[in-house]
Amino acid sequence: MYKKDINRRVCVAPMMGYTTPYARKLYRILSKKSFLFTEMIAAKTMIHSRNKDLVIENDGHNPVALQVGGSNLEDLNKCSNIAYEYNYDEINLNVGCPSKSVQKGSFGACLMKDKILVRQCLESMQNNKIEVSMKCRIGLGKEKNYDFFEEFIDETLKSGIKIVYVHARNAILSGISPSQNRSIPPLDYNFVDRIKNRYPSAIFVLNGGINSLEKASDLINNFDGVMLGRLIQNNPFLLREVDKRFYNINEITDVNEELIFAYFDYIKTKLEIDSIFRLLSPILQIFFGVPNSKIFKAKINDSIKSGDLKLIESIFLNFVKSKKLFLNY
Ligand SMILES: Cc1cc2nc3c(=O)[nH]c(=O)nc-3n(C[C@H](O)[C@H](O)[C@H](O)COP(=O)(O)O)c2cc1C
């Protein structure tokens, strides 16, 4: 049976190009408890890609959800089985991405136009082995409409799912870019509050515009969980505080040499299968907000060209040694 005792109080949002297996490794070193997501993976890619193992990889970074984009019922059913085989804790349907290419493939936010189809997608994903969930917006277009959102949730919860992640702003499907779609449509947390009152036993995780851990701490009193995207994209090292702040665990992870060793031990095994930039990209955020780190950054940039991971690791070790106080403040 798939019922696992998983706490989704703090989730790291799915982010294409960012929440790679390497980022998830770093997140997991920093926080044992937060609930992680893959990038969105198109159902067809999940089923047919020759890089399948690389793309879907879960190296024991649980608790973690695999996010899928698609609307073909048979494909989605296969994807649930794949998520189970790869030991994910949950499979999540993307009903929030507004990009043009995703619309062409008939998935993402445009699915909110067809709540019956979304219900059917979620039904076809249920296989009694893995938890199924959805990530959606609060509506479509320029006007907010709570009734539309409520009717959408009424229909989709009929599928039997119990967990919904809500990016609490509309998606605008034409005229603005995906990135503008994360800032222009106004946020409305009240929609999530109201829907939770209607379905007290379902889990609604709030997402959108939570730009500090302080804000997350305030919101967690009123919602089942919070999902953090760009905050962690910019500064993944904030996750070191999450277990203590949100899960009552009396420990903050140190940013030290051990962390660098653990991270590099992992990515060394992937050097043959992925680009050095993707392998290093998550840990490069260690420089975020750290004063006088220019020299280190320049050294890293030079050594990336050489591809010498041992050398790059030694630069990070020196950086951590000399900035320990700042990094663990
Ligand atoms: C670079 C980037 C890529 C994203 N990719 C995805 C994705 O693959 N799937 C998804 O559901 N949302 C994606 N999102 C949206 C985030 O999951 C989240 O809903 C959004 O950023 C709002 O949360 P935030 O204000 O905490 O960043 C992406 C966001 C960013 C910044």
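Let me begin by describing the structure that accompanies this report.

Following the criterion strictly, the structure yields 11 aromatic pairs and no others. Here the aromatic rings of Phe35 and Phe37 are separated by 5.6 Å at their centres, their planes lie at 85°, and the arrangement is edge-to-face. When sorted by exposure, Phe35 lands in the same class as Phe37, which is buried. Judged by centre distance (5.7 Å) and plane angle (50°), the rings of Phe264 and Phe316 are tilted. Remark: Phe316 occurs in helix H15 (residues 309-322) and Phe264 occurs in helix H12 (residues 257-268); sequence separation between them is 52 residues. Considered together, Phe264 and Phe316 belong to a single accessibility category, that of buried residues. Of the aromatic side chains, those joined through ring pairs into one cluster are Tyr263, Phe264, Phe287, Phe296, Phe316 and Phe319. The cationic tip of Arg8 hangs over the ring face of Phe35; the distance from NZ or CZ to the ring centre is 4.7 Å.

Our next topic: the pairing of strand E8 (residues 225-228). Both faces of E8 are covered, namely the face carrying Gly225 and Met227 and the face carrying Val226 and Leu228. Sheet analysis places strand E1 (residues 10-12) next to E8, joined by 3 bridges and oriented parallel. Paired with Val10 across the bridge in E8 is Val226. For strand E7 (residues 203-207) and E8, the ladder comprises 3 bridges, and the chain directions are parallel. In the sheet register, Val205 faces E8, and the bridge partner there is Gly225. For the crossover from E7 across helix H9 (residues 213-220) to E8, the handedness is right-handed.

Procedures and definitions
Counting restarts for each chain: residues are numbered from 1 in the order of the written sequence. Per-residue local features are limited, in this predicted model, to residues with pLDDT of at least 70; the limit for side-chain atom pairs, both in listing and counting, is 80 or more; totals at the level of whole chains, interfaces and linings are taken over all residues. Only hydrogens and water are removed before side-chain values are computed, so all heavy atoms of the structure are retained for them. Stacked, tilted and edge-to-face are the three classes assigned to paired rings of Phe, Tyr and Trp, where Trp is represented by its six-membered ring and a pair needs centres within 6.5 Å; plane angles under 30 degrees give stacked, over 60 edge-to-face, the rest tilted. Buried, partly exposed and exposed residues are distinguished by accessible area as a fraction of the type maximum, computed with a 1.4 Å probe on protein chains only: under 20%, between the cut-offs, and over 50%, respectively. What counts as a helix is a DSSP run of H or I of at least four residues, what counts as a strand is a run of E of at least two, and both are numbered from the N terminus. Comment: the charge-over-ring label is applied if NZ (Lys) or CZ (Arg) is within 6 Å of the ring centre and within 35 degrees of the ring normal. Strands qualify as paired when DSSP identifies two bridges or more between them. By convention a crossover is right-handed if, when the strands point away from the viewer, the path from the first strand over the helix to the second runs clockwise.

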